[in-house]
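# Inside the fold
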Amino acid sequence: MSGTSRALGQMLPIAMAALLGTAAPVVLAQAEAVPSQALVLPSGPAENTRITEAYARLVARDAWFWAWPMVNMYNRRLAYAKAPEQGLIGGTLPIAPHNRLTMLSDYIKPDQRSIACPNQDVVYGAGYLALNDSPVVIQIPDFGKRFWVIQLSDLRTESINGLGVMYGTKPGFYLVVGPNWQGTVPKGITRVIRTQSNAAFVGPRVFQDDTPQDRQAVQEVIQGINVYPVAEYDGTMKRQDWRKLPVFPKRDDARGETRWVRPDVFFDQLPAVLDLVPAVAGEAARYAQVLAVIAAAQKNPELKQAMIDEAEKADRELIDPLLQFRNWGIELPHHWSTITNGAHFGTDYFTRTAVAKSNILVNAPNETRYFYQDLDAAGMRLNGASAYTVTFAKGQLPPVKGFWSLTAYDSAHFFVPNPLNRYSLGTKNQDLKTNADGSLTFYVQAESPGVDKESNWLPAPKGADFSLFLRAYWPDDAITQGLWTPPAIEKRAVDTSS
């Protein structure tokens, strides 16, 4: 470098420093001079803004996807609000007025069509809360060594608070209050749970062995589970025999799940839904935009019809494919898939809506890990025209502290009647037979694999597509850390010579 170049090189940093040193205060002074209110930007179109049909369709399509789970839960909640008392719809589905709970007294019956992917491992309960009317008490009995978990979630299907054996939750009275409640906590309350909205769902799950003895034994435990308004709290455990409940008529649904979200009323309902579900960080613009477009559509029938039309298209093109497990989830070996953020979706709208469409109201990952399967080891669609085996090597059963099960569903994710009235196999089954090498094989097929194998037979629908679903309740670290995944579904050659 020449002397002149060196001199320039030394002068430039000094000159830049001087320039920046004098310029910075000017820039800061200008920034400070801007009125603070000028920095508040609108979240969506201003009131009475004329908008195009194309923009209304864009917003409608987007809203149909991300708000679909919330409207789904909202309409279930409306259905519960109409319940005259605690009871069973069609003798199958628990229903209760708001701020109440109804428990089943056995596994859910196979003919229900209200909620996809039910299991026959637990005794379910269900109730919806309206905390603006009253705080409620969740009454938790002593479960002893029995697995249990009580799901408390909002209309987003997000977990609100952990209650269950994996949390070391003690028997007692748990007061659930809304975000603005300022009352006095009654004496004897074990803990207060404050929610972020006034609308919530509560759903107990209590494990039950598939034996007459345990069906009887579980009654003593579940009779102590209850939910009621705080005004009825007196510090004593209220007991109820859930085997004695009125039966309400059920609607005649198609073979698929009850349709809880409908395009023709979706945008009429959405403002009320969003009012019940406060926006989380990053959602203010979504809320403002769709509410502005809905307001415009209320004054313009043609615009509203365009939004309904777009919602119908979005339902077919975006939502319907999510019923199939193979279209979403984290890919695992042997074509299995899973999720790691169940009930903690945040703004992962894709996974939340996929789960809501295919198996709504999942537990949090530390409570239950779910594994989904539509395909065999060769990547072909599972179908009852073929026979399959699922073999867990010795020492490779799902590692859990609670229990596990493998369930078969039809293509709409419901049970299919079979001669054994059996829809899952796992921990609950006391008569499973292991192989000579210590492995465990399940036979998944439409016809019996033979009397000697029937204890391990998981019936599949005859000649129709089906799916498999493995649940691991209270999973060990090997599952939560991704070190264990389910084995392949192997197509089995069946001897038809006889």
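Use the structure listed above.
So, here's what we can say about the structure. These figures come from a predicted structure and were not determined experimentally.

## Section: the sheet that holds strand β16 (residues 387-392)
Across the sheet, four strands lie side by side as β20-β19-β16-β22; this open sheet has mixed pairing. Each having just a single partner strand, β20 (457-459) and β22 (489-492) make up the two edges of the open sheet. Averaged over all neighbouring strand pairs, the angle between strand axes comes to 30°, with direction disregarded. By the bridge criterion, four bridges tie β16 to β22 in an arrangement that is antiparallel. Considered in β22, the bridge of T389 is made with E490.

## Considerations on helix α4 (residues 263-276)
In this model, α4 (14 residues) spans 20 Å end to end at C-alpha, consistent with the 20 Å of a helix rising 1.5 Å per residue. Along its length, α4 shows its largest kink, about 45°, at Q269, and proline P271 lies within four residues downstream of that point.

## Observations regarding the side chain of T353
Turning to its location among the elements, T353 is positioned in helix α7 (residues 349-359). Sequence-distant contacts of T353, defined by excluding residues within four places in its chain, comprise F65, W66, W68, P69, I319 and L322.

## Considering the pattern of salt bridges
Summed over the entire model, instances satisfying the criterion amount to 26 salt bridges. Across the pair R57 and E310 runs a salt bridge, and its minimum N-O distance is 2.8 Å. A residue pair is termed long-range when its members are at least 10 positions apart, and R57 in helix α2 (residues 53-81) and E310 in helix α6 (residues 301-319) qualify at 253 residues. Note on accessibility: R57 and E310 belong to one class, buried. Residue R215 pairs with D106 through a salt bridge whose shortest N-O separation is 3.1 Å. With R215 in helix α3 (residues 212-222) and D106 in the loop between β3 (102-103) and β4 (122-130), this pair connects stretches of sequence that are 109 residues apart. For R215, a relative accessible area of 25% gives the class partly exposed. Taken together, the salt bridges that share partners define one network made up of E53, R57, R61, D309, E310, K313 and E317.

Parameters and conventions
Residues numbered from 1 in each chain as written. Predicted model: local features only at pLDDT ≥ 70, side-chain atom pairs only at ≥ 80, totals over all residues. Heavy atoms only, no water. Pairing = 2+ DSSP bridges. Helix = DSSP H or I, 4+ residues; strand = E, 2+ residues; numbered from the N terminus. Axes fitted to C-alpha atoms, helices over the stretch in contact; angles between N-to-C directions. Expected span 1.5 Å × (residues − 1). Bend = angle between axes of the 7 residues up to and from the residue. Contact = heavy atoms within 4.5 Å. Salt bridge = Lys/Arg side-chain N within 4 Å of Asp/Glu carboxyl O. Buried < 20%, exposed > 50% of the residue type's maximum accessible area, 1.4 Å probe, protein only.

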